[in-house]
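# Residue-level structure breakdown
Okay, here's what each chain looks like letter by letter:
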Amino acid sequence: MSNDALGWIETELAELAAKGLGANIRTIDSPMDGWVTIDGRRVLNFCANNYLGLANHPRLRDAAKRAIDAYGIGPGAVRTIAGTTTLHLELERRLAAFKHAEACITFQSGFTANLATVPALTGEGDLIFSDELNHASIIDACRLSKARTIRYAHNDIDDLRRKLAENPQFRRRLIVSDGVFSMDGDIAPLDQLCAVAEEHGAILMVDDAHGEGVLGRGGRGIVDHFGLHGRVDIEVGTLSKAFGVVGGLVAGKKPIIDWLRQRGRPFLFSSAMTAPDVAACIEAVTILEESDELVARLWENARILRAGMQALGFDTGHSQTPIVPLMLGEAPLAQEFSRQLFARGLFAMAIGYPTVPMGKARIRVMNSAAHTQADLEQALDIFAAVGKELKVIA
Ligand SMILES: *Cc1c(COP(=O)(O)O)cnc(C)c1O
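In this text the structure is predicted, and so the values were computed from the model without any measurement.

### A short note on the overall build of the protein
A count of helices and strands for the protein gives 15 helices and 13 strands. Whereas a compact globule of 394 residues would reach a radius of gyration of roughly 21 Å, the protein reaches 22 Å, a difference of no more than 12%. For the protein, the residues scored as buried account for 53% of the 394 residues in total. By element, 53% of the accessible surface of the protein is carried by carbon and sulfur atoms, the whole surface being about 17,500 Å². Counting 41 positive and 48 negative side-chain charges, the protein places the centres of these two groups 2 Å from one another.

The structure is reproduced here in structure tokens:
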């Protein structure tokens, strides 16, 4: 680089690479599915959040193609200026009905759904209570809001209750939590969060990115899982994980959704999802409403894989969802484990500090309904071989 003011970037990049902390992004040359092609090789894929295998589902592909013929691709501008398509409104209606919510609004991603929501509901003089393990998009959304943010201990209702009691004198108070925590696969105690929010007159917001299409009846999400319809003020979700497409959503009471259409900055200042994305999402809702087959297969696959790993002697943490962390301890071991899995034809990511605490490095195994029984057996054979090679199991 010629500009000296930017020289630090190359130094920092070199440092990241030297510490093995740089993101090493694989290039995939196939649809996202249970198997993917990387460097010309077919490998079993246990990395994606494609829980239901919808990312390459024939019905979503067809729906997207038909939408291109009817509506073209891009939305032209933001919806408040260039208008919105009947397709976008249909998706919002269908999502609200699917989730038994009063109303729903969609965004370009789950990330922007959070960036829209927190600053629209809180500002200077307000207070946010945020789980210490919340997703980066919630952390950024809290910063953008200019409200004060207090972190409470992970899933610790007593700590939250204490902090609420200590800080009564604010205009508005918002409690925000991930629904499913993506590194450990544990579920927020939403029923207790709901009770605490009601006790203290606080607004409750849950980000159900990893629960959408996974938890609840037929994948209706965490609010359905706990039977809390109408009691959780804001349910954020993503269309980029189990739904297999890309996009975000907020479901809740109609005035909140109407407010986000007026004050959600990513809604007002960034263009909408594309027509083929929206049509594919509508088809995903239709598939989920028709049958819970994919959701059931996802959970069954996760059960088989987790039981198989445990039988082999692996520590699979305390996940309550189809996310199966294979706990390994030190980061170099997790990285070597991932490399050897890949050499044997299985793609699964090593995750270390600072994404997870020091000494808690792991392989995060992401299950999918896209895997067959034969895939799972093959995966377990590969995990067993690498585990023995690296002396993680006997
Ligand atoms: C993945 C994730 C997001 C971001 O969703 P995108 O649709 O990919 O932007 C937001 N929140 C949580 C908790 C997530 O896990």
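Picking up after the structure, the text goes on.
### Some details on the domain arrangement of the protein
When cut into domains, the protein gives domain 1 (20-51 + 292-389) and domain 2 (58-290). Centre-to-centre separation of domain 1 and domain 2, based on C-alpha positions: 27 Å. Here domain 1 meets domain 2 over a buried area of about 1,600 Å², counting both sides, of which 63% is carbon and sulfur. The three residues of domain 1 that bury the most area against domain 2 are Tyr51, Val295 and Gln320, which together make up 28% of that side's buried surface. Along the contact surface separating domain 1 from domain 2 lie one salt bridge. Note that Arg362 is salt-bridged to Asp184, the shortest N-O span being 2.7 Å.

### A few points about the packing of helix α7 (residues 157-166) against helix α8 (residues 190-200)
Relative orientation of the contacting elements α7 and α8 amounts to 15°, with a least axis distance of 11 Å. In terms of orientation, α7 lies roughly parallel with respect to α8. Crossing of α7 over α8 shows right-handed handedness. Residues Ile157, Leu160, Arg161, Leu164 and Ala165 of α7 lie in contact with α8, whose contacting residues are Gln192, Leu193, Val196, Glu199 and His200. Along the lines of polarity and charge, the residues of the contact of α7 with α8 split into six nonpolar, two polar and two charged.

### Examining the side chain of Asp277
With respect to the helices and strands, the residue Asp277 is situated in helix α12 (residues 275-290). The buried charged residue Asp277 lacks any salt bridge, with Arg79 as its nearest oppositely charged partner at 12 Å. Non-local contacts of Asp277, meaning those with residues more than four positions away in its chain, are made with Val245 and Val246.

### So, the nonpolar core
Counting residues in hydrophobic clusters, the biggest one holds 60 residues, and the most contacted among them are Leu52, Leu91, Ile175, Leu190 and Leu193. Among the elements that take part in this core, α12 stands out by supplying ten residues, more than any other. Inspection of this core shows a minimum of three residues originating in each of domain 1 (20-51 + 292-389) and domain 2 (58-290). Dropping the residues within four chain positions of it, Leu52 is found in contact with Gly213, Ala242, Leu288, Leu294, Val295, Leu298, Ser368 and Ala369. Counting 24 residues, the second largest nonpolar core, distinct from the first, contains Ala113, Ala120, Leu121 and Cys142.

Cut-offs used in this document
Residues numbered from 1 in each chain as written. Predicted model: local features only at pLDDT ≥ 70, side-chain atom pairs only at ≥ 80, totals over all residues. Heavy atoms only, no water. Helix = DSSP H or I, 4+ residues; strand = E, 2+ residues; numbered from the N terminus. Rg over C-alpha atoms; globule rule 2.2 N^0.38 Å. Buried < 20%, exposed > 50% of the residue type's maximum accessible area, 1.4 Å probe, protein only. Areas by Shrake-Rupley, 256 points an atom, 1.4 Å probe, with all protein chains shown as cover. Lys, Arg positive; Asp, Glu negative; His and termini not counted. Charge placed at Lys NZ, Arg CZ, Asp CG, Glu CD. Domains from an automatic or database assignment. Buried area = accessible area lost by both parts, 1.4 Å probe. Salt bridge = Lys/Arg side-chain N within 4 Å of Asp/Glu carboxyl O. Axes fitted to C-alpha atoms, helices over the stretch in contact; angles between N-to-C directions. Parallel < 35°, antiparallel > 145°, perpendicular 65-115°, else oblique. Left-handed = near helix turned anticlockwise from the far one by under 90°. Contact = heavy atoms within 4.5 Å. Nonpolar A, V, L, I, M, F, W, Y, C, P; charged D, E, K, R; others polar. Core = buried A, V, L, I, M, F, W, Y, C linked by side-chain atoms within 4.5 Å.

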